Amino acid sequence: MHPTPTIDDDILQHMLAWRHDIHAHPETAFEEHRTSDLVASVLTGLGLPVHRGLAGTGVVATLHNGQGPRIALRADMDALHMDELGNAPHRSTVPGKMHACGHDGHTAMLLGATEYLVRHGRFQGTVQVIFQPAEENEGGGRVMVEQGLFERFPVQAVYGLHNFPEVPLGHFAVRTGSMSAFLDNFQITVAGKGTHGATPQLGIDPIVAASQLVMALQTVVSRNTPALDAAVVSVTQIHGGDTWNVIPEQVVLRGTVRTLDPLVHARTEQAIARICQGVAQALGARIDLDYRHGYPAAINTPAEAAAAATAATAVVGAHKVDTAAPPIMASEDFAFMLQAVPGAYIGMGTGRGPDTPHVHNPYYDFNDHALPLGAAYWVSLVQQQLPLEGPA
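Calculation notes
- Residues numbered from 1 in each chain as written.
- Predicted model: local features only at pLDDT ≥ 70, side-chain atom pairs only at ≥ 80, totals over all residues.
- Heavy atoms only, no water.
- Helix = DSSP H or I, 4+ residues; strand = E, 2+ residues; numbered from the N terminus.
- Rg over C-alpha atoms; globule rule 2.2 N^0.38 Å.
- Buried < 20%, exposed > 50% of the residue type's maximum accessible area, 1.4 Å probe, protein only.
- Contact = heavy atoms within 4.5 Å.
- Areas by Shrake-Rupley, 256 points an atom, 1.4 Å probe, with all protein chains shown as cover.
- UniProt positions renumbered as here; feature names shortened; annotations may be inferred.
- Pairing = 2+ DSSP bridges.
- Axes fitted to C-alpha atoms, helices over the stretch in contact; angles between N-to-C directions.
- Domains from an automatic or database assignment.
- Buried area = accessible area lost by both parts, 1.4 Å probe.
- Salt bridge = Lys/Arg side-chain N within 4 Å of Asp/Glu carboxyl O.
- Polar contact = N/O pair within 3.5 Å; in protein donor to acceptor, adjacent residues only side chain to side chain.
- Nonpolar A, V, L, I, M, F, W, Y, C, P; charged D, E, K, R; others polar.
- Core = buried A, V, L, I, M, F, W, Y, C linked by side-chain atoms within 4.5 Å.
- Expected span 1.5 Å × (residues − 1).
- Parallel < 35°, antiparallel > 145°, perpendicular 65-115°, else oblique.
- Left-handed = near helix turned anticlockwise from the far one by under 90°.

Secondary structure assignment for the protein chain yields 11 helices and 16 strands. Since a compact globule built from 392 residues should have a radius of gyration of about 21 Å, the 24 Å found for the protein chain is in line with a globular shape. Classification of the 392 residues of the protein chain by burial places 55% in the buried group. For the protein chain, contacts bridging at least 24 residues in sequence account for 81% of all contacts bridging at least 6. For the protein chain, the exposed area adds up to about 16,600 Å²; of that, 54% sits on carbon and sulfur atoms.

If you want it as structure tokens, here you go:
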């Protein structure tokens, strides 16, 4: 086993500067032009061949050192449509946009690991470093795969990392199987017959039908999903009506579904459709379900999950690596890469304590103390999966 890599002091300073610069200039899905330019400039400055343009703003660079395995490391670059409320010196300078999910840290850590590997080597094979746009909601990972990412840059495995502020700094979390949830969204249109609020018998009330739907949908989890399986069905929007004394023509419900198991995923969609059909028949309304499949579950393959755990253990010790971590019910478009190539997605603790803001919070700011740990994890993974022949 290679010794635990110690990231050079100047590389640490570079990571801090990159992270703060990216944080101060957030860019959202498929608009990461400045961020992409920064990433490409750093990689080109390291003497690496750089490819740009996959999914518009994606960047891929290749580190090659002789014959050997081929792996890929991925970081996401995009920010969220949110106003930042924190007061860090590097806070967002762009109204309505902020790095509330730590992708600025992800990008900086992978750049730092790349600089270390260029400087020190100590691996044999090929590493593709992937900087992906549009993880938040828009599926940039899917677009990169569809545009030929792994045909152009073939690998045997792909690895991703995300910061977990709910996990203490210096700890890692990984598991075999589903690491994140399937993401589906739905829109249900309830069409009735409008009438005066004083004469409901002359119409078909879509508000009553929508109300019954909201309550009936709660049974999808409580009465249709086995207790040991995970599912979430949340109605998050209700739109209908314009005034006090009119029963409207229609009501629109919107919401989200999260599941971990492919069978539960399919059964949940079927149950929602069945409930819509039943409420419509019972109340005489017309109910149209628009069920939209979003991100699949990020499913870690066994060998690659074990490799991720081994690399993390080399950095922080076995007692700080949870290899049977519970999955998260959030979703992650790294799942599309895992559908194309075996791989693993690991969580890295960045928590400062119980009051640490979670991701997607307007006060969230990536913990800079995690930068050397994340870079060291990537270096450790490369050195273990692409070992030099003979003594290290």
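For the rest of this paragraph, the subject is the UniProt feature "domain: Peptidase M20 dimerisation" (unreviewed entry) in the protein chain. When the UniProt feature table is mapped onto this chain, "domain: Peptidase M20 dimerisation" (unreviewed entry) is found at residues 185–277. Secondary structure content for residues 185–277 is 34% helix and 33% strand, while the C-alpha to C-alpha distance between its ends is 18 Å.

Let's shift gears to the sheet that holds strand S15 (residues 321–322). Pairing in this open sheet of 8 strands is mixed, and the strands run S1-S2-S4-S3-S5-S16-S6-S15 from one edge to the other. With partners counted over all chains shown, the strands left at the sheet margins are strand S1 (50–52) and S15, one partner each. Inspection of the sheet shows S1 paired to strand S2 (residues 59–65) by 3 bridges, in the antiparallel sense. Paired with Arg52 across the strands is Val59, a residue of S2. Across the sheet, helix H9 (residues 302–316) is in contact with strand S5 (157–168), strand S6 (172–173), S15 and strand S16 (343–351); its angle to S16 comes to roughly 35 degrees.

Domain annotation for the protein chain reports domain 1 (9–178 + 297–386) and domain 2 (182–295). Here domain 1 and domain 2 have C-alpha centroids that lie 37 Å from each other. Every contact between the two is made by 16 residues of domain 1 and, on the other side, 9 residues of domain 2. Summing both sides of the interface, domain 1 and domain 2 together bury roughly 920 Å²; the carbon and sulfur share of this comes to 67%. Of all residues in domain 1, Ala297, Met329 and Ser331 bury the most surface against domain 2, accounting for 58% of the area lost on that side. Viewed at the interface, domain 2 and domain 1 are joined by 0 salt bridges. Between the two partners, domain 1 and domain 2, sit 6 residue pairs in polar contact (both at pLDDT 80 or more). Taken together, the residues of the side of domain 1 that touches domain 2 sort by class into 7 nonpolar, 4 polar and 5 charged.

Here we take up the nonpolar core. The nonpolar side chains of a soluble globular protein tend to be buried, and buried together. Residues Leu73, Phe131 and Tyr377 are the most contacted members of the largest nonpolar core, which totals 58 residues. A per-element tally of this core places helix H11 (residues 371–385) first, with 9 residues. Among the nonpolar cores identified, the runner-up in size contains 23 residues, and Ala335, Met337, Leu338 and Val341 belong to it.

Within the open sheet, the 4 strands sit side by side as S10-S12-S8-S13. Their pairing is antiparallel. The sheet terminates laterally at strand S10 (231–240) and strand S13 (286–293), the two strands that pair on one side only. Adjacent strand axes in the sheet meet at a mean angle of 20 degrees, parallel and antiparallel pairs treated alike. Alignment of S10 against strand S12 (residues 250–259), held across 9 bridges, turns out to be antiparallel. By the bridge assignment, Ser234 is partnered in S12 with Thr256. Of the strands in this sheet, strand S8 (182–191), S10, S12 and S13 are in contact with helix H8 (residues 262–283), which crosses S13 at around 165 degrees.

Between its first and last C-alpha atoms H9 spans 21 Å; for 15 residues at 1.5 Å apiece the expected length is 21 Å, and the two agree. Within the sequence span of H9, burial applies to Glu304, Ala305, Ala307, Ala308, Ala309, Ala311, Ala312, Ala314, Val315 and Val316. Next to the buried residues of H9 lie S5, S6, strand S14 (299–300), S15, S16 and H11. One or two residues past the end of H9 sits Gly317, with phi positive at roughly 95 degrees.

Turning our eyes to something else, we now look at the pairing of S2. Counting buried positions along S2 gives 5 out of 7 residues, so the element sits mostly inside the fold. Between S1 and S2, which pair antiparallel one after the other, the connecting turn spans 6 residues, and Gly53 there sits at a positive phi close to 115 degrees. Sheet analysis places S2 next to strand S4 (residues 125–132), joined by 7 bridges and oriented antiparallel. Bridge assignment links Asn65 to a residue of S4, and that residue is Gly125.

Turning next to the packing of helix H1 (residues 9–24) against helix H3 (residues 103–120). Running from N to C, H1 and H3 point in directions that differ by 150 degrees, and their axes come no closer than 9 Å. Considering the angle they form, H1 stands roughly antiparallel to H3. Relative to H3, H1 is oriented so that their crossing is right-handed. On H3, the residues touching Asp10, Ile11, His14, Met15, Trp18, Arg19, Ile22 and His23 of H1 are Asp104, Gly105, Thr107, Ala108, Met109, Leu111, Gly112, Glu115, Tyr116 and Arg119. Its residues assigned to classes, the contact of H1 with H3 comprises 8 nonpolar, 5 polar and 5 charged.

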